[in-house]
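So you can see what is in the structure, the chains are spelled out below.
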Amino acid sequence: HYRHSPPSPRFTSNTSKLTMAPPQISAATDLFNTSFAPSSELISTFAPARVNLIGEHTDYTSGSVLPLAIDNLGTALVGTGAIAPASTSPTLKVTSASFPSDGIITVPLNPIPSPTNDYPSWVNYVLAPVVPFLKNLAPQNSSLSLTFALTSDIPLGGGLSSSASLMVCITKFL
């Protein structure tokens with residue numbers, strides 16, 4: 001996670017190497033601030049694109065794979081989140097620079113949503129990592145309220161795992 005006003009240098013917790021926030025985070029921050037009320041509590045995450053040098057679609061059949069991250073392409077998420085009582089009306093509010101005509105999508109999170117055609121198809125990729133998290137909160141009578149702005153420079157459908165990058169970003173955020 002990056003907790004800052006991007007882009008700013010950060011020391012990683014597990015190395016002494018100075019790292020810079022990816023430029024996609026700055027774009028996601030701008031999108032968040034123009035789409036939602038600005039917040040001083042923004043959390044940002046980044047996940048790179050990926051290409052399989054060896055083993056496209058063989059990993060789930062016990063085949064060998066050699067995936068490689070492409071650090072200069074990726075997906076960034078900037079947002080806010082809070083655990084809320086399930087008795088409230090928790091929502092996911094999300095906007096994506098890749099789908100500007102969709103605007104802000106609001107998904108009620110209580111009851112826990114299922115994949116649906118009620119929203120643009122890309123929203124199901126956003127919900128995929130959120131739903132298991134919600135199911136883990138349900139026994140505590142809790143839910144989530146989430147607000148996300150997403151940017152990506154990974155070509156959609158280009159074989160660079162844009163959907164995986166999106167879901168890794170969201171999982172890192174949670």
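Since the model is a prediction, treat every value here as computed from it, not as a measurement.

Asks: Before we move on, can you summarise the packing of aromatic side chains with the specific residues and values?
Replies: Each aromatic ring pair is characterised by the separation of its centres together with the angle its planes make. Counting across every chain of the model gives 3 aromatic pairs. Here the aromatic rings of Phe99 and Trp122 are separated by 5.5 Å at their centres, their planes lie at 5°, and the arrangement is stacked. Remark: Trp122 occurs in helix α2 (residues 122-137) and Phe99 occurs in the loop between β5 (91-96) and β6 (105-108); sequence separation between them is 23 residues.

Asks: I'd like a description of the layout of surface pockets, backed by residues and values.
Replies: Its boundaries defined by the atoms lining it, the largest pocket holds a volume of some 270 Å³. Lining the largest pocket we find 15 residues, and of these Phe99, Trp122, Leu156, Ser162 and Leu166 sit closest to its centre. Among the elements of the structure, α2, β7 (142-152) and α3 (162-173) are those that each provide at least two residues to the lining of the largest pocket. Looking at the lining of the largest pocket residue by residue, the class counts come to 6 nonpolar, 9 polar and no charged.

Asks: So, the confidence of the model for the protein: which residues are in play, and what are the values?
Replies: Mean pLDDT over the protein works out to 84, with 87% of the residues at or above the 70 mark. Taken element by element, the protein is modelled with least confidence in strand β1 (residues 9-11), mean pLDDT 38, and with most confidence in β5, mean pLDDT 97. A low-confidence stretch, residues 1-18 stays under pLDDT 50, and its non-local contacts, those more than four residues away or across chains, total 39 contacts.

Thresholds applied
- Residues numbered from 1 in each chain as written.
- Predicted model: local features only at pLDDT ≥ 70, side-chain atom pairs only at ≥ 80, totals over all residues.
- Heavy atoms only, no water.
- Phe/Tyr/Trp six-rings, centres within 6.5 Å; stacked < 30°, edge-to-face > 60°.
- Helix = DSSP H or I, 4+ residues; strand = E, 2+ residues; numbered from the N terminus.
- 1 Å grid on protein atoms, 1.4 Å probe; cavity = no way out; pocket = protein on both sides within 12 Å on 5 of 7 lines; lining within 4 Å.
- Points joined across faces, edges and corners; volume = space filled by probe spheres on them.
- Nonpolar A, V, L, I, M, F, W, Y, C, P; charged D, E, K, R; others polar.
- pLDDT = per-residue confidence, 0-100.
- Contact = heavy atoms within 4.5 Å.

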